[in-house]
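# Overview (structure and organization)
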Amino acid sequence: MADTRSPSVAAARFDDDAARRPARVWLRFAVLAVVVLAAAGLLLTWSIPLNPAQRGYWLAVDLRLTAVATVVIVACCQAVATVLFHTVTGNRILTPSIMGFDALYVVMQTALVFFFGGAALAATDGLLKVALQSALMVGFATLLYGWLFAGKRGNLHIMLLIGIVLGVGFSSLSTVMQRLLTPSDFDLLSARLFGNLSNSNPEYLPWAAVIVTIVLALVWRRRRRLDVLALGREISTNLGLAYKREVIVLLVLVAVLISVSTTLVGPMTFFGFIVATLAYQLAGSSRHAVVLPFAALLGMATLLVGYFVLRHVFAAAGMLTVIIEFAGGLFFILYLLRKGGL
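Described below are features of the structure shown in this document. (Residues numbered from 1 in each chain as written. Predicted model: local features only at pLDDT ≥ 70, side-chain atom pairs only at ≥ 80, totals over all residues. Heavy atoms only, no water.)

Across all of its chains, the model carries two salt bridges by this definition. For Glu246, the salt bridge goes to Arg222, with nearest N and O atoms at 2.8 Å. One end of the pair, Glu246, is in helix H11 (residues 243–265); the other, Arg222, is in the loop between helix H8 (205–221) and helix H9 (223–229), and 24 residues separate them in sequence. By relative accessible area, which is 2% here, Glu246 ends up buried. Here Glu246 and Arg225 are joined by a salt bridge, their closest N and O atoms 3.4 Å apart. Placement of the pair is Glu246 in helix H11 and Arg225 in helix H9, with a sequence separation of 21 residues. (Salt bridge = Lys/Arg side-chain N within 4 Å of Asp/Glu carboxyl O. Helix = DSSP H or I, 4+ residues; strand = E, 2+ residues; numbered from the N terminus. Buried < 20%, exposed > 50% of the residue type's maximum accessible area, 1.4 Å probe, protein only.)

Right under this line is the structure:
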């Protein structure tokens, strides 16, 4: 009987596991893809009291298509942005919200209601408002990153610290203005500040889809650079990567993705963290060519299945993001305790 402790047997087992690992990864990927397609199909066609031969049936499907398209765009934005942010920072605990993106969105919405009243939210809805909000968020990120990385002493840790301080400052300013609002204006504002997949405007979706597609294409072209960047500043620089330029470009792309997601459905703090963390485990690889598609598919599957269950089982579709954020907060705390060895 062969000694299982011998180096040759151990090496053979390692080779066998390595050979089977890609098959397991592709199987998981296929299962996620099937879940996404099945959940999307059920969301589009479930419980429509009409015959497919009738025109009203397809009108109902077209209305539901808005929610499905929103879910796909938001899931891709949150998942890819979080993975990119983890790669840039070299830390899988941080999320893009730590840079104050969500807080900036909240302070912009709050200032609009504070200075012009609750009616201004509905009166200013449209592509122009969305474009201005997104441009302001991306412009804020570009100026912050460019300024902090321009100097000789500029580094990622200082940038993160300043981002946290700015986020706290924006949150405090929003709280002060919200306390001075009338109850009716505060109710209107609160409805905008809670992420809700049912509130998306179909007018925004084509533009959001174009922007996200362009950003994802740019990210995919950089997938090998991302693998090098994940090795750290010193190693990536020695391998010939323009570290500062690459970090600034990626952070701006993260800002674009988060601004699109936040503009469509509102802030989502922990969803990207959950999806990215699970994707690292399921992908079985640290290569971004594998992790990024896994994260995007996992995000779509989570939102589509959750939206279907809450809408057609519990009749509470608007609670999806609230439940995800609550579960994400608990998951984040447990993850910190586990990593801290407590």
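Here we come to the packing of helix H2 (residues 55–89) against helix H13 (residues 288–312). When two helices pack together, their arrangement is given by the angle between the helix axes and by the axis-to-axis distance. The interhelical angle for the contact between H2 and H13, taken along N-to-C directions, is 140 degrees, at an axis separation of 8 Å. Considered as vectors, H2 and H13 are oriented oblique to each other. When you trace H2 past H13, the crossing you get is right-handed. The segment H2 lies against H13, with Arg64, Ala67, Val68, Val71, Val72, Val74, Ala75, Cys76, Ala79, Val80, Val83 and Thr87 engaging His288, Val291, Leu292, Ala295, Ala296, Gly299, Met300, Leu303, Leu304, Tyr307, Arg311 and His312. (Axes fitted to C-alpha atoms, helices over the stretch in contact; angles between N-to-C directions. Parallel < 35°, antiparallel > 145°, perpendicular 65-115°, else oblique. Left-handed = near helix turned anticlockwise from the far one by under 90°. Contact = heavy atoms within 4.5 Å.)

It is worth spelling out H8 at this point. Taking 1.5 Å as the rise per residue, H8 with 17 residues should run 24 Å; its terminal C-alpha atoms sit 24 Å apart, in good agreement. The inward-facing, buried residues of H8 contact H2, H9, H11 and H13. (Expected span 1.5 Å × (residues − 1).)

Let's shift gears to the environment of Val254. Position of Val254 among the secondary structure elements: in helix H11. Take Val254: its relative accessible area is 1%, and that puts it in the buried class. Sequence separation between Val254 and Cys77 is 177 residues, and the spatial gap between their C-alpha atoms is 8.3 Å. The residues contacting Val254, other than those within four sequence positions of it, are Ala81, Leu84, Phe85 and Pro96.

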